[in-house]
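# Observations on chain architecture
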Amino acid sequence: MPSSPRTASDAAELERSRLQFEKMTQTPVPKLILGLAAPTILSMLITSIYNLADTFFVGQLSTSASGAVGVVSSLMAIIQALGFMLGHGAGGIISRSLGSQDTHAATKFASTSFFTALTFGAVLAVLGLAALPDFMMLLGSTDTILPHACAYARPILIAAPLMMSSLVMNNILRYEGKASFAMIGLVTGGVLNMVLDPVFIFGFGLGTAGAGIATALSQSISFCILLSMFLRGKTVSQFQLSAVTRSPAEFGTILMTGLPSFGRQGLNSIGGMLLNIAARSYGDAAVAGMSIVSRIFMFIISVAIGTGQGFQPVAGFNYGARKYRRVEKACVFTMCASFCFLSVIVAACWFNAEALIKLFRDDPEVTAIALPAFRYHPNPLETGAFEESADGVVCDCCGKTTHIFYTNPFFSVEDIAYLCPACIASGEAARKYDGSFQDDFSVDDGVDDPEKLDELIHRTPGYSGWQQEYWRAHCGDYCAFLGYVGARELRALGVLEEVLDDPMWDEEQKGMIRESVNGGHLQCYLFQCLHCGKHLVWMDFD
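Residues numbered from 1 in each chain as written. Predicted model: local features only at pLDDT ≥ 70, side-chain atom pairs only at ≥ 80, totals over all residues. Heavy atoms only, no water.

All right, on to the environment of Phe386 then. Inspection of the secondary structure assignment puts Phe386 in strand 1 (residues 386-394). Phe386 gets classed as buried once you look at its relative accessible area, which sits at 4%. Remark: the alpha-carbon pair of Phe386 and Cys420, spanning 34 residues in sequence, is separated by 8.7 Å. (Helix = DSSP H or I, 4+ residues; strand = E, 2+ residues; numbered from the N terminus. Buried < 20%, exposed > 50% of the residue type's maximum accessible area, 1.4 Å probe, protein only.)

Glancing now at the sheet that holds strand 5 (residues 480-485). Here we have three strands laid out as an open sheet, ordered 5-6-7, and antiparallel in their pairing. Bordering the open sheet on either side are strand 5 and strand 7 (535-541), each of which pairs with just one other strand. The mean inter-strand angle of the sheet, taken between neighbouring strand axes irrespective of direction, is 25°. As paired elements, strand 6 (residues 522-528) and strand 7 share seven bridges and run antiparallel to each other. When the sheet's bridge partners are listed, Cys524 is paired in strand 7 with Met539. (Pairing = 2+ DSSP bridges. Axes fitted to C-alpha atoms, helices over the stretch in contact; angles between N-to-C directions.)

This part takes up the packing of helix 3 (residues 63-99) against helix 7 (residues 160-175). One can describe the packing of helix 3 onto helix 7 by two numbers: an axis separation of 8 Å at closest approach and a directional angle of 30°. Viewed along their axes, helix 3 and helix 7 adopt a mutual orientation that is roughly parallel. The handedness of the crossing between helix 3 and helix 7 is right-handed. Tallied by class, the residues present in the contact of helix 3 with helix 7 amount to 13 nonpolar, eight polar and one charged. (Parallel < 35°, antiparallel > 145°, perpendicular 65-115°, else oblique. Left-handed = near helix turned anticlockwise from the far one by under 90°. Nonpolar A, V, L, I, M, F, W, Y, C, P; charged D, E, K, R; others polar.)

On to the nonpolar core, then. Counting residues in each nonpolar core, the largest one holds 71 residues, and the members touching the most others are Leu75 and Met136. Here the element with the most residues in this core is helix 3; it accounts for 15 residues. Leaving out residues up to four positions away in the same chain, Leu75 has contacts with Phe135, Leu139, Ala153, Ile156 and Leu157. By size, the runner-up hydrophobic cluster in this structure holds 30 residues, among which are Tyr376, Val447, Leu496 and Trp538. (Core = buried A, V, L, I, M, F, W, Y, C linked by side-chain atoms within 4.5 Å. Contact = heavy atoms within 4.5 Å.)

On to the confidence of the model for the chain. Looking at the chain, the pLDDT average stands at 86 and 91% of residues meet or exceed 70. Of the regions scoring below 50 in pLDDT, residues 1-5 engages in seven contacts with residues more than four places distant in sequence or in other chains. (pLDDT = per-residue confidence, 0-100.)

We now examine a nonpolar patch on the surface. Judged by side-chain polarity, Val199, Phe204, Leu206 and Ile213 come together as a nonpolar surface patch covering roughly 320 Å² of accessible area. Within the secondary structure, Leu206 is located in the loop between helix 8 (179-203) and helix 9 (208-231). The class of Leu206 is partly exposed, set by a relative accessible area of 37%. (Patch = residues over 30% accessible without salt bridge, like charges linked within 9 Å, V, L, I, M, F, W, Y side chains within 5 Å. Areas by Shrake-Rupley, 256 points an atom, 1.4 Å probe, with all protein chains shown as cover. Salt bridge = Lys/Arg side-chain N within 4 Å of Asp/Glu carboxyl O.)

To continue, consider the state of the cysteines. As enumerated under the stated definition, the model contains zero disulfides in all. For Cys397, which is in no disulfide, the shortest distance to another cysteine sulfur is to Cys423 and amounts to 3.7 Å. (Disulfide = S-S within 2.5 Å.)

Glancing now at the pairing of strand 7. Across the seven residues of strand 7, six count as buried, placing the element largely inside the fold. Connecting strand 6 to the next strand, strand 7, in antiparallel fashion are six residues, including Gly533 with a positive phi near 85°.

Once that is clear, we can look at the packing of aromatic side chains. According to the stated counting rule, one finds 25 aromatic pairs in the structure shown. Note on Trp471 and Phe527: the rings are 5.4 Å apart at their centroids and 70° apart in plane angle, and the pair reads as edge-to-face. Within this pair, whereas Trp471 is found in the loop between helix 18 (450-458) and strand 3 (473-474), its partner Phe527 is found in strand 6, the two being separated by 56 residues in sequence. Of the two residues examined, Trp471 and Phe527, each falls in the buried class. Arranged with centres 5.8 Å apart and planes meeting at 75°, the rings of Tyr484 and Tyr525 form a pair that is edge-to-face. Pair noted here: Tyr484 is in strand 5 and Tyr525 is in strand 6, with a separation of 41 residues, a long-range link. Accessibility expressed as a relative area gives 24% for Tyr484, which makes it partly exposed. Tyr525 sits in the buried class, given a relative accessible area of 0%. Taken together, Tyr463, Trp471, Phe481, Tyr484, Tyr525 and Phe527 form an aromatic cluster joined through their ring pairs. (Phe/Tyr/Trp six-rings, centres within 6.5 Å; stacked < 30°, edge-to-face > 60°.)

Written as structure tokens, this is what we have:
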């Protein structure tokens, strides 16, 4: 229990603690959670918006520069994982301590987490800068993205100690029930980042390095604003180097309490890194596409996280005060509110997905990566199955405006002019018009799974042949259509002899393939097995 006040300062601190305790344990749950969640959601949305601003402004430079944003986002996730682990770890203990009115314990755990974050950030900065190119390649950079990624990451690594400790202060403020104070620091940094991005990137001509400098500078200013809250006595817990715990058990308690947050953010970093590594084999456009989609996803999920973070101090305070029914009521309300918020936002993004992608990088290759994936037709923009329209057209199926529309055969009774990629991928177009994109009799034998046939003819954009389109199969599955080729293209790809090694063709037909011309009277269509990688062709005449 806290000792009796001996000075006016002690009395004021005790009064702040009492008022905060009453607010957290007596205010009606919906009003309290929404009041705490609103500034937290706003803070996270601003953070997401300035991340999107980085993506937008850097995206104006090049596709490789856009890819660098995705690579460095994995670095940001590492910083966040460590910062959230320490912030949530100490914050949970602090809120329970304040719930039981133990302000000394609150100061001890706040001090420990703050100074530990500074130390962890400094170690990350030193190690990251010492092996920066290798570090960026580990996070999924390609050779062409690497110069942009290094230029972007360097200022962020220098500012890592301040960024990590800012996350700790932000969480401590929220766990004390002072989410509005945390909002001031984060929103200021976020708005400043959006203002400085174009200044450093374009005004000073620093490119991707300018984006990194803008982020580092704005986050440093945010650190100063958050720190001032503690130095000016706006909080119950304080930062005192002498208060840092020397007990391994207490330090372990911080880490164990923050472990779920570390796992969430750490897996986010690992997931981003693995996605970048998987995407880089498809080129810079794939990495850039994943970067854009990831940033939009984080914007959406920040609403749910913000609502949950509004719940955390309520749970901590009331658990410490032994008001367990109030904790249960707060939990149920938070889940319901999050579900409603997310439903609205996801619906808005779902119906405007294509426009969102093109906003950040108007590159057909990037847009193709970010649109629905078609297993049996992986590059439909490149093959001409889809075309782009700057003005947009109206999809006959869903009635929505789309800037990318289907142009190849669709077999149905009704005459359909335009179909969007989403209606094809979901199967809605085939269902609505009782149509198909490929004749189910014009396919290779050997595929026994009816679901695969359904995906091919109802949910895969077809190709356009001189005669009836035919789809090849291999290894018990349908192949991916790669595009239109002739002998010249097959030789350039180094697969001419491979496609001729096919029992489908006799010697006369093999001779025809050797003489085929892309766009000529005898046209070849290139496929590749999804399992063993073997290349196959189909051919027909005009």
